[in-house]
Amino acid sequence: MPIRTDYCGEVSSADIGRTVTVCGWVDTRRVHSEHLAFVDVRDHTGVVQVVVDERSEVRSEYVVAITGTVRARPDGMVNAALATGEIEIADTTVDILNAAEPPPFPMNERTDVDESIRLRHRYVDLRRPKMQRNLRIRSKVNSAIRGAMERQGFVEIETPMLIASTPEGARDFVVPSRQNPGDFYALPQSPQLFKQLSMVGGFDKYYQIARCLRDEDLRADRQFEFMQLDAEASFVNQEDVFAFISEAVADATEAVTGERPENIPQMTYAEAQERYGSDKPDVRFGMELQELTELFTETESNVFKTAAVKGICMKGGADTLGRNAIDDLTDKAKRWGAKGLAWFRVRDEGLEGALTKFMSEAEIAGVQSGLAAESGDMVFLIADDRRTANRVLGLLRLELGKPPVNEGGFHFLWITEFPLFEDVIDGNPIPAHHPFTMPHPDDVDLLDTAEGDGWLDIRSQAYDLVLNGWELGSGSIRIHRSDVQSRIFEILGIGEEEQRAKFGFLLDAFRFGAPPHGGFAFGIDRLTALLAGEENIREVIAFPKTQSGADLLTNAPGPIEAGQLDELGLRVVPRTD
Ligand code: ASP
């Protein structure tokens, strides 16, 4: 096999007259004249045009090595759109290194290809320029993150994959133990407990680019297994954590886009809910939720006799939203849990809309000025309990205004003071983050008095990092005292015996000199997708699973042999549902 001298995309007019050898895949082949054909040869750097004997048997995706002389393309044949468009390689010798069957889908990027076909033949798909670009962006992100953490004195520690369960709010993937039939390992939902134990072990600053596994329903921004930058540090406060994580995401962003996000702003969870109706606000656009409750204190209508009235104004929406679109939005608002959706169009000649008849003139005027609504604008109101009004308007805002993923720059945002609990089920509060999160110092006393929905008002020292409306990651200052951790477990309904069985090692470790500590983890798949301008993290993962969790390339999951089941002491019981 001839030795490669040049990459395809790098041959240029500076090489005219040189004899070069390029290696790669046949991208396209066009017959030029009776004797000659043009072949574009592709590698990861781009394509170069080579002139070959028309009889040479090269076809699409054949693997070739081509040796020839670089020459200027004749006048009129220059392709300014192509990096190598001024030259071609002529007088060639063609070595076919491997023949190929016709590719399962067109290799050009202009043709939409069904994702399942792409995933089944991912090795071919990966050859396409977009996947080459995306996975190279990913590699840059990883390397920038690693560099930032090392520079800041973090030590990379690898934690095990076969462990006892680490709760992060998802189901575990489990692995049966052959040596202890009937016992199971869990695969890590995160390295959470090991990184905390590393702090007790005196490591001070830990990081890992860690694979995490969570058995939950898959979506565009979620896979069973995903990569996180996982970090933890001792003797730190929240601001310290923000500083070192900001450095990592800023380095990654700069490595990919050339622009460095400086001074990532902060917003409390409560403010995010009030202004954006979300704990992951997309602040690339305005259309903020406005507080209108006060305007309706005297209302005569039952529609507005509610705990909260909030509104949003869509600039110019009066002309762009027709009746069908509004009906559709109303249906959605109801599906999201609102009792209804009030709306009106603002026109010079007056208002058009539903529910205006339930509002007094003063109320309408107040709403208009509260929302700064002018002629041509569209107003939406939700009257409900405060949580529902915020949540539904927040979703509506996204529906009406969210820019495409690759527009509007990169707006990172820290969300602080998350609630400690997100729900109360059968009297037991459910942790919003994980059970190792330190309560907010001002709310600790509430742990002894809270009841019912009151649990939801207790704040924590947990925080999220958000980018353009995506939750990139979460973290918290941790509990580092055994008695406090035990108390939280108790509140969560985990009794003493269960605490010992599941978390005894942690409670013990906290008794042997655990320093105060805190940390964070953010998703590398999500960060990379956004930096690459992709809606779906599968586009930045080399070998992802489908939405239903299947690996179409290797056919996982699949059955195992009867012998393996026996060894593991397992019997498969057919599902009856
Ligand atoms: N273990 C958490 C997670 O994976 C992150 C953290 O609290 O540091 O979401």
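Residues numbered from 1 in each chain as written. Predicted model: local features only at pLDDT ≥ 70, side-chain atom pairs only at ≥ 80, totals over all residues. Heavy atoms only, no water.

Caption draft 1: Structural context of helix α9 (residues 361–370). Buried residues of α9: E363, I364, G366 and V367, and no others. Buried residues of α9, seen end-on, are gathered within an arc of 160° and therefore sit on one face of the element. In α9, those exposed residues whose orientation departs by more than 90 degrees from the buried face are E361, A362 and S369. Contacts from the buried residues of α9 go to β14 (342–347), β15 (350–352) and β16 (378–384). Residue A372 follows α9 closely and has a positive phi angle near 50°. (Buried < 20%, exposed > 50% of the residue type's maximum accessible area, 1.4 Å probe, protein only. Helix = DSSP H or I, 4+ residues; strand = E, 2+ residues; numbered from the N terminus. Arc of directions from axis to C-beta. Contact = heavy atoms within 4.5 Å.)

Caption draft 2: Structural detail: the packing of helix α3 (residues 129–151) against helix α5 (residues 238–257). Two elements in contact, α3 and α5, have axes separated by 8 Å at closest approach and are oriented at 145°. Taken as a pair, α3 and α5 cross one another with a handedness that is right-handed. Contacts between α3 and α5 involve I137, K140, V141, A144, I145, A148, M149 and R151 from the former and F244, E247, A248, D251, A252, A255 and V256 from the latter. (Axes fitted to C-alpha atoms, helices over the stretch in contact; angles between N-to-C directions. Left-handed = near helix turned anticlockwise from the far one by under 90°.)

Caption draft 3: Spatial organisation of the pairing of strand β19 (residues 428–431). Where strand β18 (residues 421–425) meets β19, four bridges bridge the pair, whose relative direction is antiparallel. Bridge pairing in β19 places D423 opposite I430. (Pairing = 2+ DSSP bridges.)

Caption draft 4: Structural context of the site of the ligand. Taken together, 14 residues lie near the ligand, and E168, Q192, K195, H433 and R478 sit nearest. Between H434 and the ligand, the recorded distance is 2.9 Å, taken from a side-chain N or O atom to an oxygen atom. Notes on the ligand: free accessible area 270 Å², of which the protein chains cover 96%. Broken down by secondary-structure element, the contributors of at least two residues to the shell around the ligand are α4 (192–200), β21 (470–477) and β22 (517–523). (Near = heavy atom within 4 Å. Polar contact = N/O pair within 3.5 Å; in protein donor to acceptor, adjacent residues only side chain to side chain. Areas by Shrake-Rupley, 256 points an atom, 1.4 Å probe, with all protein chains shown as cover.)

Caption draft 5: Looking closely at the layout of surface pockets. Roughly 630 Å³ of internal volume is contained in the second largest pocket. Contributions of two or more residues to the lining of the second largest pocket are made by β1 (19–31), β2 (36–43), β3 (46–53) and α3. Across the lining of the second largest pocket, the residue classes tally to eight nonpolar, 11 polar and 11 charged. (1 Å grid on protein atoms, 1.4 Å probe; cavity = no way out; pocket = protein on both sides within 12 Å on 5 of 7 lines; lining within 4 Å. Points joined across faces, edges and corners; volume = space filled by probe spheres on them. Nonpolar A, V, L, I, M, F, W, Y, C, P; charged D, E, K, R; others polar.)

Caption draft 6: Expanded view of the side chain of R73. With respect to the helices and strands, R73 occurs in the loop between β4 (63–72) and β5 (87–98). Although R73 lies buried, it forms no salt bridge, and the closest oppositely charged side chain, E88, sits 4.6 Å away as judged by the N-O distance. Polar side-chain contacts of R73 include one of 3.3 Å to the backbone oxygen of M77. There is a polar contact of 3.3 Å between the side chain of R73 and the backbone oxygen of G85. (Lys, Arg positive; Asp, Glu negative; His and termini not counted. Salt bridge = Lys/Arg side-chain N within 4 Å of Asp/Glu carboxyl O.)

Caption draft 7: Region of the structure containing the environment of Q228. Structurally, Q228 can be placed in strand β10 (residues 225–234). A residue is classified by how much of its surface remains accessible, and Q228, at 9% relative accessible area, is buried. Separated by 293 residues in sequence, Q228 and A521 have C-alpha atoms that sit 5.9 Å apart. Apart from residues no more than four positions distant in its own chain, Q228 is found in contact with Q208, I209, A210, C212, R214, A521, F522, G523 and I524.

Caption draft 8: Representation of the packing of aromatic side chains within the structure. Throughout the structure, instances matching the rule amount to 13 aromatic pairs. On the basis of an interplanar angle of 75° and a centroid distance of 5.1 Å, the ring pair of F173 and F224 is categorised as edge-to-face. Pair noted here: F173 is in the loop between β6 (155–156) and β7 (174–176) and F224 is in the loop between β9 (205–213) and β10, with a separation of 51 residues, a long-range link. (Phe/Tyr/Trp six-rings, centres within 6.5 Å; stacked < 30°, edge-to-face > 60°.)

Caption draft 9: Seen up close, the pairing of β1. Bridge count for β1 against β4 is seven bridges, and the pairing is antiparallel. Directly across from V20, in β4, lies its bridge partner G68. For β1 and β2, the ladder comprises six bridges, and the chain directions are antiparallel. Within β2, the residue paired with R29 across the bridge is V39. Here β1 hands over to β2 after four residues, the two strands then running antiparallel side by side.

Caption draft 10: How the structure looks around the sheet that holds strand β20 (residues 462–467). Pairing in this open sheet of eight strands is mixed, and the strands run β6-β9-β10-β22-β21-β20-β17-β11 from one edge to the other. Taken across any chain shown, the strands that pair with only one partner, and hence form the sheet edges, are β6 and β11 (266–268). Here α3 sits on the sheet in contact with β6, β9, β10 and β22, set at roughly 150° to β9. Along the sheet, α4 contacts β9, β10 and β22; its crossing angle with β10, the most-contacted strand, is approximately 20°.

Caption draft 11: Focus on empty space enclosed by the protein. According to the stated counting rule, one finds one cavity of 30 Å³ or more in the structure shown. Put simply, the largest cavity is a space of about 40 Å³. As for the largest cavity, its lining consists of L119, R122, A542, F543, P544, D551, L552 and L553. Grouping the amino acids of the lining of the largest cavity by side-chain chemistry returns six nonpolar, no polar and two charged.

Caption draft 12: Molecular detail of unusual backbone geometry. In the segment running from A556 into P557, the intervening peptide bond is cis, with an omega of -5°. With respect to the helices and strands, P557 occurs in the loop between α14 (524–532) and α15 (562–568). The backbone of D91 shows a phi angle near 50°, a positive value even though the residue is not glycine. Positionally, D91 belongs in strand β5. By relative accessible area, D91 is classed as exposed at 65%. Phi is positive for N468, close to 50°, though the residue is something other than glycine.

Caption draft 13: Region of interest: the pattern of salt bridges. Applying the stated criterion to the full structure yields 57 salt bridges. A salt bridge links R478 to E232, with the shortest nitrogen-to-oxygen separation between them at 2.7 Å. One end of the pair, R478, is in the loop between β21 and α12 (482–491); the other, E232, is in strand β10, and 246 residues separate them in sequence. Both residues of the pair, R478 and E232, belong to the buried class. A salt bridge links D328 to K332; the nearest nitrogen and oxygen atoms lie 3.7 Å apart. Here the residue D328 and the residue K332 both occupy positions in helix α8 (residues 323–335), the gap between them amounting to four residues, near one helical turn. Taking relative accessible area as the criterion, D328 reaches 37% and is therefore assigned partly exposed. Assessed through its relative accessible area of 19%, K332 is described here as buried. Linked by salt bridges that have partners in common, R118, R122, D125, R128, K130, E534 and E539 make up one network.

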